[in-house]
Amino acid sequence: MHRDIDIGGVLVSPFVAYALGAFAILVVLRRLFSRIRLGRYLANPPLAEAGLYVCLLALLIVML
């Protein structure tokens, strides 16, 4: 069961923590992909990053 996060008396949905976690993972992957210049092989790199973010967020929600 997912519990709400209490920050200074304000209850925050666990979805916010998952979204921040997925964003942190995306930042690390973005650095890795920029080193190997993955954008050369994609027609629309921002769309690919958005799709990757959605997949990461879904994996975090399902796995945690």
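Residues numbered from 1 in each chain as written. Predicted model: local features only at pLDDT ≥ 70, side-chain atom pairs only at ≥ 80, totals over all residues. Heavy atoms only, no water.

**Focus: the overall build of the chain**
So, step 1. The secondary structure content of the chain amounts to two helices and two strands.
So, step 2. Mapped in sequence order, the helices and strands of the chain form the string β-β-α-α.
So, step 3. For 64 residues, the compact-globule formula gives about 11 Å, and the C-alpha radius of gyration of the chain, at 15 Å, lies well above that figure.
So, step 4. Along the first, second and third principal axes, the C-alpha set of the chain runs to 45 × 20 × 15 Å.
So, step 5. Looking at the chain as a whole, 14% of its 64 residues are labelled buried.
So, step 6. Partitioning the contacts of the chain with sequence separation of at least 6, the portion at a separation of at least 24 is 56%.
So, step 7. With the model as given, the accessible surface of the chain reaches about 5,200 Å², and the carbon-plus-sulfur share is 70%. (Helix = DSSP H or I, 4+ residues; strand = E, 2+ residues; numbered from the N terminus. Rg over C-alpha atoms; globule rule 2.2 N^0.38 Å. Buried < 20%, exposed > 50% of the residue type's maximum accessible area, 1.4 Å probe, protein only. Contact = heavy atoms within 4.5 Å. Areas by Shrake-Rupley, 256 points an atom, 1.4 Å probe, with all protein chains shown as cover.)

So yeah, pure geometry; function would need other evidence.
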